[in-house]
Amino acid sequence: MHLLDILELTEASGREQSLPLIDELLELNARSQQIDETPYRLLRRGVALWHKGHNDQQALEIIKQAIAEFDRLDHPIPRLLIDLAPLYNRLHQSQERYAYFRDKLAYYRLHNSLENTAACYLVISGYFRHMGAYNQAISYCLRAADLFKQFDPKYYVNELMVAGSLYADWGNPQKALQYLGQAMVLEDKYNVEGLQRFYTLQTLSRVYLQEGDMPNALRYANQNLAEVGTKQNPVHKHICKAYALVQKSFVLLGMGQTQPVRPMLTRAQHLADSLQLRVSGRPGEFLLDAAWAKYYEAVRQPNVAEQYWQQAYNKATSGRLKILRYRVLRDIIGFYIKSQQPAKVQQYTRMYMALTDSMHQEQSAFLVAQYEGERIEQAQNARIAALQQTRAIQELQLRQRNRLLFIALFTVVAVSGLGVFLYRQLQINKRTLAQLRQAQNQLVAAEKWAFVGEVSAGIAHELQNPLNFMKRFAEVSTNMIDGMPQQTSHAHNGQELQQEILAGLKQNLQEISQHGLRASSIIKDMLEHSRSGTGQREATDLNALAAENLRLAYEGVQTQDPNFRATLNTDFDTTLSEVQAVPQDLGRVLLNLLTNAFFAVRQRQQFSLNGYQPEVRISTRRTPNGVEVRVRDNGTGMSEAVRQRVFEPFFTTKAVGEGTGLGLSLSHDIITKGHGGSISVDSKEGHYTEFVITLPA
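Residues numbered from 1 in each chain as written. Predicted model: local features only at pLDDT ≥ 70, side-chain atom pairs only at ≥ 80, totals over all residues. Heavy atoms only, no water.

**Here we look at the environment of Leu329**
Step number 1: Note on placement: Leu329 falls in helix H16 (residues 322-338).
Step number 2: Accessibility expressed as a relative area gives 0% for Leu329, which makes it buried.
Step number 3: The sequence separation of Leu329 and Leu355 amounts to 26 residues, and the corresponding C-alpha distance is 9.4 Å.
Step number 4: Setting aside residues up to four positions removed in sequence, Leu329 forms contacts with Tyr313, Tyr348, Met351, Tyr352 and Leu355. (Helix = DSSP H or I, 4+ residues; strand = E, 2+ residues; numbered from the N terminus. Buried < 20%, exposed > 50% of the residue type's maximum accessible area, 1.4 Å probe, protein only. Contact = heavy atoms within 4.5 Å.)

**Focus on the packing of helix H14 (residues 288-298) against helix H15 (residues 302-318)**
Step number 1: Orientation of H14 relative to H15, taken along the N-to-C sense of each, is 160°, at an axis distance of 8 Å. Taken as axis vectors, H14 and H15 run roughly antiparallel relative to one another. Note on packing geometry: the crossing formed by H14 with H15 is left-handed. Of the residues in H15, those in contact with Asp289, Ala290, Trp292, Ala293, Lys294, Tyr296 and Glu297 of H14 are Pro302, Val304, Ala305, Tyr308, Trp309, Gln311, Ala312 and Lys315.
Step number 2: Here the residues of the contact of H14 with H15 sort into 10 nonpolar, one polar and four charged. (Axes fitted to C-alpha atoms, helices over the stretch in contact; angles between N-to-C directions. Parallel < 35°, antiparallel > 145°, perpendicular 65-115°, else oblique. Left-handed = near helix turned anticlockwise from the far one by under 90°. Nonpolar A, V, L, I, M, F, W, Y, C, P; charged D, E, K, R; others polar.)

**Looking at the side chain of Arg97**
Step number 1: If you trace the backbone, Arg97 turns up in helix H5 (residues 94-110).
Step number 2: One buried charged side chain, Arg97, makes no salt bridge at all; its nearest oppositely charged neighbour is Glu96, positioned 9.3 Å away.
Step number 3: Apart from the residues within four sequence positions on either side, Arg97 is in contact with Ala85, Tyr88, Asn89, Val123, Gly126 and Tyr127. (Lys, Arg positive; Asp, Glu negative; His and termini not counted. Salt bridge = Lys/Arg side-chain N within 4 Å of Asp/Glu carboxyl O.)

**What to know about unusual backbone geometry**
Step number 1: One non-glycine residue with positive phi stands out, namely Asn191, at about 55°.
Step number 2: Under the relative-accessibility criterion, Asn191 is labelled exposed at 57%.
Step number 3: Even without a glycine there, the phi angle at Gln276 is positive, about 55°.
Step number 4: Relative to the assigned elements, Gln276 resides in the loop between helix H13 (261-275) and strand S1 (280-281).

**So, the side chain of Ser683**
Step number 1: Secondary-structure assignment places Ser683 in strand S8 (residues 678-684).
Step number 2: Here Tyr688 takes part through its backbone oxygen, which lies 2.8 Å from a polar atom of the side chain of Ser683.
Step number 3: Engagement of the side chain of Ser683 in a polar contact is seen with the side chain of Thr689, the distance being 3.1 Å.
Step number 4: Contacts of Ser683, omitting those with residues within four sequence positions, involve Gly637, Met638, Arg643, Tyr688 and Thr689. (Polar contact = N/O pair within 3.5 Å; in protein donor to acceptor, adjacent residues only side chain to side chain.)

**Section: the packing of aromatic side chains**
Step number 1: For the structure shown, the criterion picks out 29 aromatic pairs.
Step number 2: Linked through ring pairs, Tyr98, Tyr121, Tyr127, Phe128 and Tyr140 together constitute an aromatic cluster.
Step number 3: Here the basic side chain of Arg219 rests over the ring of Tyr220, its NZ or CZ set 4.4 Å away from the ring centre.
Step number 4: Positioned above the aromatic ring of Tyr688 is the side chain of Arg632, whose terminal nitrogen or guanidinium carbon lies 4.2 Å from the ring centre. (Phe/Tyr/Trp six-rings, centres within 6.5 Å; stacked < 30°, edge-to-face > 60°. Lys NZ or Arg CZ within 6 Å of the ring centre and 35° of its normal.)

**Examining the pairing of S8**
Step number 1: Burial of S8 is one-sided: the residues Ile679, Val681 and Ser683 facing one way are buried, the residues Ser678, Ser680, Asp682 and Lys684 facing the other way are not.
Step number 2: Relative to strand S9 (residues 688-696), S8 runs antiparallel, the two being bridged by seven bridges. Bridge pairing in S9 places Val681 opposite Phe691. (Pairing = 2+ DSSP bridges.)

**Topic: the nonpolar core**
Step number 1: Grouped together as the largest cluster of nonpolar side chains are 130 residues, with contacts concentrated most on Ile67, Leu80, Leu84, Phe101, Phe128, Phe148 and Leu288.
Step number 2: A total of 11 residues in this core trace back to one element, the largest contributor, which is helix H8 (residues 153-170).
Step number 3: Those residues in contact with Phe101, other than ones at most four positions away along the chain, are Leu81, Leu84, Tyr88, Cys120, Val123 and Ile124.
Step number 4: Grouped together as the second largest cluster of nonpolar side chains are 39 residues, Leu542, Leu576, Val579 and Leu593 included. (Core = buried A, V, L, I, M, F, W, Y, C linked by side-chain atoms within 4.5 Å.)

**So, the sheet that holds S8**
Step number 1: The mixed open sheet is built from five strands, whose spatial order is S4-S6-S7-S9-S8. The strands lining the two open edges of the sheet, one partner per strand, are strand S4 (567-571) and S8. Neighbour-to-neighbour, the strand axes of the sheet open up by a mean angle of 10°, direction not taken into account.
Step number 2: Here helix H23 (residues 663-675) sits on the sheet and contacts S8 and S9; the angle it forms with S9, its principal contact strand, is near 25°.

**Thoughts on the pairing of strand S7 (residues 626-633)**
Step number 1: Of all eight residues in S7, six are buried; the element is thus mostly enclosed.
Step number 2: Taken together, the eight bridges between strand S6 (residues 615-623) and S7 define a ladder with antiparallel strand orientation. Pairing of Arg617 across the sheet is with Arg632, part of S7.
Step number 3: Hairpin connection, S6 to S7: the antiparallel pair is bridged by two residues.

**Comments concerning the pattern of salt bridges**
Step number 1: Scanning all chains against the criterion turns up 30 salt bridges.
Step number 2: Ionic pairing is found between Arg90 and Asp56, a salt bridge with its closest N-O pair at 2.9 Å. Placement of Arg90 in helix H4 (residues 78-90) and of Asp56 in helix H3 (residues 56-72) is noted, with a sequence separation of 34 residues between them.
Step number 3: Note that Arg327 and Glu285 form a salt bridge whose closest N and O atoms lie 2.8 Å from each other. Within this pair, whereas Arg327 is found in helix H16, its partner Glu285 is found in strand S2 (residues 284-285), the two being separated by 42 residues in sequence.
Step number 4: Relative accessible area serves as the criterion here: at 31%, Glu285 is assigned to the partly exposed category.

No statement about biological role is implied by the geometric values presented.
In structure tokens:
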């Protein structure tokens, strides 16, 4: 344990406590001379200036000098790098923050600094989140998680939670619940408390509220309030309570229960005023004004609600929070549509479109920068690989020279054995050369496929933004048509024709929105496809992975249909040892197969007579050549024609909007190309379907 691993600089109290600790370290070192004091003295000066708050810019520059000195000493400082990000935020220097950590990331990757590389990935992910570039934010977040898993379980769990929150903001609740569920399990395992636990429960409540699952939204909101009172750090207790009260108010308003909301919001307002809480803080976005606005909408006081909506928008604007402005504008437009104020609707719609266009331009400009950065990263990887290969060849040549010298000396004693030895040496060299050529070909192929995946991800993300723009414009236009006053029964023929045209226009806009959702779903699956196969293999408990994804799939289908029940059967080989696999990719395959199984039994249940009992079964067992996983359901089954095409990309039997046809194609690639295994399907139409996965030992 090092001093830098326990310093907490993000809060004023933490900075105040860190100063005497650094002084004590310098005093001890004055007697023992064990360490280089230069970076610690710089750090002490920077933290002192930051704590006083008079010259944050100078504090930033001095702490950056301290980091450079720690780098000179090859000393890992992940916590210090992470704590530096809030100082950039305080100075409103988001672009400068990104440029600094991008350069640091390149330096740490070149010098194989695992801990510092993970910290840079974490900070850069936060920058992309504030920019609204969720694809890049999730990518960097998961990279950070993979590295933190090797040395810091707490930060690993934190990044899983952040990934779930990002997927929730991006509009993918299923992936959000998957990562948040993993984070919850590991938080219980490692006894994680404080802000990290609070944010996980808060995000779970928010995701279930977005999905309309009010019982689960209320359950996690209540659990969060209870843990704030018993387990939360005293420094953050009152802050978290204010956030939790606002979230529970949103849930109760969604359930139509307005009576208990007012005292909750009054208590939250008192805490916010006394603590001077801003619209955005460490626990996330503090949407108290929006909650008040929704409350006054519910109790039919539109004038008061309008004032709170204006306050919410002004605070988001003054805080330079574009994503929050975007959400508040969308809610304001909905409010004015309900209030039948078309002039206000048009005014805020123009502001909404201008902001959306601005965000799109910023993201498009940055996508070019990201691509250039990825090219530089690839070039660095190629140079490192070339240096490593050159060193291996030199070592091989040196070993060969030593062997030849030994042979030359040995010939004086045993000339008769020289021919046999040279022949064996030639065979070894041939095999070595063949292995080197094979490894070289594999590296070239891997680089080609990585480049194709990156280009596909860039193209898909470029298409995602205009599709979102088209879909949102269609939704706003449809709401505007709904909010128009209806004509009376004494309308003239021209007015009737106008109504028919508006009805046709509304239907067309709904078609645009529906097909935009379909295209957006396909693009998201393309992005998932492009990121598959990038993880590292590790020892994986296959039984635990199968059980976890069975639970996640069942909870996911119950989120869509709370009345659905099915029999879950497991048959796990308890003697099965851990297998070498990429757990994220293999879990994605199992979750996809189980989700399809539940879809099949639900479909059969809807058209079957009484007596049918949905059943899904998953089993594992050892085989002579490896391990086998079977997923079986007693659903609708599939015909022979469908079975022959089931692993083709974009082939699906589901209705439009329910499937993209990429799930089984992606699963096939992960198993065959990523793990060297096989996947097959056996089915009888109207009776059952069974997928069989085999993995090498």
